[in-house]
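Secondary and tertiary structure notes
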Amino acid sequence: MRMAISGRTEVFAVIGDPIEHTLSPAMHNAAFEYLGLDFVFTAFRVTSDELENAVRGACALGIRGLNVTMPHKSSVTEFLDWADPSVKFLGAANTIVNERGRLRGFNTDGIGVLKALKNNGITLTGKKVLVLGAGGAAKAIAFSLMKEVDELCILNRDATKAREIASAMKPFGKIIEGNNLTPQQIQVELQDSDVLINATSVGMAPCTSESLVHPAWLKPDLRVMDIVYNPIETKLIRDAKTAGAKVINGLEMLLYQGAASFEIWTQCKAPIDVMRSALLSRLSCAGATV
Ligand code: NAD
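The structure displayed is predicted, hence computed values, not measured ones. (Residues numbered from 1 in each chain as written. Predicted model: local features only at pLDDT ≥ 70, side-chain atom pairs only at ≥ 80, totals over all residues. Heavy atoms only, no water.)

Describing the site of the ligand
- Surrounding the ligand, one finds 19 residues, the nearest of these being Ala134, Ala137, Asn156, Ile227 and Gly250.
- Separating an oxygen atom of the ligand from a backbone N or O atom of Ala134 is a distance of 2.9 Å.
- For the ligand, whose free accessible area comes to 860 Å², the fraction covered by protein is 75%.
- Examining the composition of the shell around the ligand, we find that 3 residues originate from one element, helix 9 (residues 250–266), more than from any other.
- Across the shell around the ligand, the residue classes break down as 11 nonpolar, 7 polar and 1 charged. (Near = heavy atom within 4 Å. Polar contact = N/O pair within 3.5 Å; in protein donor to acceptor, adjacent residues only side chain to side chain. Areas by Shrake-Rupley, 256 points an atom, 1.4 Å probe, with all protein chains shown as cover. Helix = DSSP H or I, 4+ residues; strand = E, 2+ residues; numbered from the N terminus. Nonpolar A, V, L, I, M, F, W, Y, C, P; charged D, E, K, R; others polar.)

Quick look at the structure:
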């Protein structure tokens, strides 16, 4: 059972707009409780015009840490006193630590995908990864993957964004390309890719019958990750399973990005299984297909 809240309880929160469907409180409170930490995690809806007041207010109230979600990941960076290299590169933060009024910013989205892949037995060294999408999550994923993979291809319906990410990643010295997201291009790139990551919102509820990838292009030796976690089993994940491919769902990214934030805030090893169970039970309560 969680400790009674007292004057000593440390507070953490996620801020975003909308925020009512966030799974972060369930995941972090379960971990705090499991480790017997006198911490509590809550959620606040913060509109864009109130972001600065909210961040300054959190600081004044001594809130120990924040998760930041849409639409504030970029704009929150202007209130940071220190930013880690991923935040500087991506121009976006999803984790803030309040160290006696000094705000330190991190971005754990890319680490979340990297850990989800590795902890599900997928090696990236020497591999080619195909990423669909060039939004905030795709960019964070590309940044983390660049250190590990040999080759990365990013496809986006606005090819300019994919090419911008590709050219920003050039200093890593790997083969990286940005191109148009068309059915033909997906099919061509899949022929020599080892890992496919859907980092677009395609397949997300309520459009659960949609996928950018034709089932016939999926092969048993492909590893397929979908970062969409609502539903947990997207059409892409279902098709990949049918094709005999190894699959990783978006819940794993959510879990490992949350675990990375947890470790930054608490300096304790995140209890992964406890956090995963909390996410699954919250999602099944919400009627999601687990
Ligand atoms: P974003 O708005 O920054 O980017 C959305 C991307 O999807 C863009 O590249 C856009 O071009 C593409 N897209 C949207 N509709 C498309 C369509 N019909 N056809 C082709 N491309 C399309 O959003 P984001 O923050 O990058 O998030 C993307 C998805 O990832 C969302 O569904 C979000 O919920 C999910 N996400 C999951 C996690 C996790 O922890 N599992 C974390 C972050 C984001």
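Here we look at the nonpolar core
- Counting residues in hydrophobic clusters, the biggest one holds 58 residues, and the most contacted among them are Leu117, Leu145, Leu152 and Ile197.
- Considering every element that reaches this core, the biggest residue donor is helix 9, with 9 residues.
- In contact with Leu145, other than residues within four places in its own chain, are Leu114, Leu117, Leu124, Val129, Val131, Leu152 and Ile197. (Core = buried A, V, L, I, M, F, W, Y, C linked by side-chain atoms within 4.5 Å. Buried < 20%, exposed > 50% of the residue type's maximum accessible area, 1.4 Å probe, protein only. Contact = heavy atoms within 4.5 Å.)

Describing the pairing of strand 6 (residues 102–106)
- The pairing of strand 4 (residues 82–83) with strand 6 spans 2 bridges and is classified as parallel. Note that in strand 6 the partner of Ala83 across the bridge is Gly105.
- Two elements, strand 5 (residues 95–99) and strand 6, share 5 bridges in a ladder whose sense is antiparallel. When the bridges of strand 6 are listed, Thr95 appears paired with Phe106. (Pairing = 2+ DSSP bridges.)

Digging into the packing of aromatic side chains
- Taken as a whole and assessed by the stated rule, the structure comprises 10 aromatic pairs.
- For the ring pair Phe12 and Phe39, a centre distance of 5.1 Å and an interplane angle of 50° mean the geometry is tilted. A residue pair is termed long-range when its members are at least 10 positions apart, and Phe12 in strand 1 (residues 10–16) and Phe39 in strand 2 (residues 39–45) qualify at 27 residues.
- Overall, Phe12 belongs to the buried group, its relative accessible area being 0%.
- Overall, the relative accessible area of 11% leaves Phe39 in the buried class.
- An angle of 25° between the planes, with centres 4.7 Å apart, marks the rings of Phe89 and Phe143 as stacked. Of this pair, Phe89 sits in helix 3 (residues 85–90) while Phe143 sits in helix 5 (residues 136–145), placing them 54 residues apart in sequence.
- Classification of Phe89 as partly exposed rests on a relative accessible area of 25%.
- An aromatic cluster is built from Phe12, Phe32, Phe39, Phe41, Phe262 and Trp265, whose rings are joined through pairwise contacts.
- Positioned above the aromatic ring of Trp82 is the side chain of Arg104, whose terminal nitrogen or guanidinium carbon lies 4.2 Å from the ring centre. (Phe/Tyr/Trp six-rings, centres within 6.5 Å; stacked < 30°, edge-to-face > 60°. Lys NZ or Arg CZ within 6 Å of the ring centre and 35° of its normal.)

Examining the sheet that holds strand 9 (residues 175–180)
- One open sheet holds the 6 strands; their spatial order is 9-8-7-10-11-12, and the pairing between them is parallel. On the outer flanks of this sheet lie strand 9 and strand 12 (246–248), each paired with one strand and no other. For this sheet, the mean inter-axis angle between neighbouring strands, taken without regard to orientation, is 15°.
- Summarising the sheet, strand 11 (residues 223–226) and strand 12 pair through 3 bridges and their orientation is parallel. Paired with Met225 across the strands is Ile248, a residue of strand 12. (Axes fitted to C-alpha atoms, helices over the stretch in contact; angles between N-to-C directions.)

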